Amino acid sequence: MSRSFNEKQIKQIMSMNNAGFSKKLGQNFLTDFGVIEDIVFGAGVTEADHVIEIGPGIGVLTSEIAEYAGLVTAVEIDKKLIPILKQTLVGLENVEILNDDILKTDINKLINEAKGKNPGLKNVKIIGNLPYYITTPIIMKLLESNLPAESITIMMQKEVADRLTAEAGKKAYGAITLAVQYYCTIETIVQVPADCFVPKPKVDSTVLRLDIRKEKPVDLVDETVFFEIIKAAFGQRRKTLLNCLTGYKELSKEATSELLSGLGIDPVRRGETLTIEEYAVIANELAK
Ligand code: SAM
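Residues numbered from 1 in each chain as written. Predicted model: local features only at pLDDT ≥ 70, side-chain atom pairs only at ≥ 80, totals over all residues. Heavy atoms only, no water.

Peer 1: How do you make sense of the domain arrangement of the protein chain when you look at a structure like this?
Peer 2: The assigned domain composition of the protein chain is domain 1 (7–212) and domain 2 (223–287). Summarising the inter-unit geometry, the C-alpha centres of domain 1 and domain 2 are found 35 Å apart. In this complex, domain 1 contributes 13 residues to the contact, which on the side of domain 2 involves 13 residues. In total, domain 1 and domain 2 occlude about 930 Å² of area from one another, counting both sides; carbon and sulfur atoms represent 67% of this. Area buried by domain 1 at its contact with domain 2 is led by Y173, L178 and Y182, which between them contribute 54% of it. Seen at the junction of domain 1 and domain 2, the total is zero salt bridges. Run the count over domain 1 and domain 2 and you get three residue pairs in polar contact (both at pLDDT 80 or more). The element that contributes the greatest number of residues to the side of domain 1 that touches domain 2 is helix α8 (residues 175–183), accounting for six residues. (Domains from an automatic or database assignment. Contact = heavy atoms within 4.5 Å. Buried area = accessible area lost by both parts, 1.4 Å probe. Salt bridge = Lys/Arg side-chain N within 4 Å of Asp/Glu carboxyl O. Polar contact = N/O pair within 3.5 Å; in protein donor to acceptor, adjacent residues only side chain to side chain. Helix = DSSP H or I, 4+ residues; strand = E, 2+ residues; numbered from the N terminus.)

Peer 1: Quick question: what am I supposed to make of the environment of A48 here?
Peer 2: Counting through the fold element by element, A48 comes out in the loop between α2 (33–43) and β2 (49–54). Residue classification places A48 among the partly exposed residues on the basis of a relative accessible area of 23%. Linking A48 and S257, residues 209 residues apart in sequence, is a C-alpha distance of 53 Å. (Buried < 20%, exposed > 50% of the residue type's maximum accessible area, 1.4 Å probe, protein only.)

Peer 1: For this particular structure, what's the right way to read the pairing of strand β6 (residues 151–157)?
Peer 2: The side chains of a regular strand alternate, first on one face of the sheet and then on the other. Burial analysis of β6 places six of its seven residues in the buried class, the great majority of the element. Handedness of the crossover joining strand β5 (residues 123–129) and β6 through helix α6 (residues 135–144) is recorded here as right-handed. Alignment of β6 against strand β9 (residues 205–212), held across seven bridges, turns out to be antiparallel. Looking across to β9, one finds that M156 is bridged to T206. (Right-handed = clockwise from strand over helix to strand, strands pointing away. Pairing = 2+ DSSP bridges.)

Peer 1: Would you mind going over the nonpolar core with me for this structure?
Peer 2: The tendency in soluble globular proteins is for nonpolar side chains to be buried as a group. Core analysis: the largest hydrophobic core is formed by 55 residues, its most contacted members being I139, Y279 and I282. Shared between two domains, this core holds at least three residues of each, these being domain 1 (7–212) and domain 2 (223–287). In this structure, I139 is in contact with L130, I154, M156, L164, V180 and L210, ignoring residues within four places of it in sequence. In terms of nonpolar packing, the next biggest core, distinct from the first, is built from 35 residues, F5, I10, I36 and C196 among them. (Core = buried A, V, L, I, M, F, W, Y, C linked by side-chain atoms within 4.5 Å.)

Right, here's the structure in full:
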């Protein structure tokens, strides 16, 4: 049963509980049930899934996920919202509410504990309408924690989604594009205009599903070197690759130029024109 609310009802629920919408915590709640359905269907939630929801707010998405999932663990940082969630989600036995900061939560522990108690749970999926102010740190934490998760379906500011899905050579292409594309393949689920939320944010949003790759797209000798050179290459976007990489591992300009030319990569190209495969070739050469 859906428990979505319109704008008026959400404002009423918040004021009855003396809770304001915290701008700092990115509290823009969904009012459009169609979008809620798109997220849950887009994530492909089934009974065999343990879904971890980031930032349930007042639970509009949570209740719809609970319709289909085996278990939902909803992690909400704002303690003001916990009593509201207990009311809006009352009677849903497959929902656990956790008052915590997702950036500090031991997600692996959550997953293992849930599996111990519910052997029927076969997959882990992560879903969230993310607070815009920490979208990138949350995505990177999820990807770097090596979670046994199948996918991460998340709503984010449209411009961030454009960065994640950008191709080499495009303006939106950056270090975060390469990091996410290294760990995942990406599907766009739906574009969401600002008027689907209360309060209305200043930006439009996009829902992406990041499917965690079972095999990485490139073979690396040392992941750290790969991410370090990407960081260096995008550190100063207007500089050439030669200038950005000179000094890395104490390489002189001449040695850097020779190394890049030897790999068939023009040293005066800019970092934003290189593909993930080209970064892998440079990283593997430097890791030798
Ligand atoms: N899921 C709800 C919806 O779609 O209507 C609310 C989404 S709202 C954009 C983001 C939610 O994330 C807010 O409820 C906010 O309090 C919560 N939040 C912000 N920072 C968080 C963090 N570090 N950890 C967990 N939740 C957080």
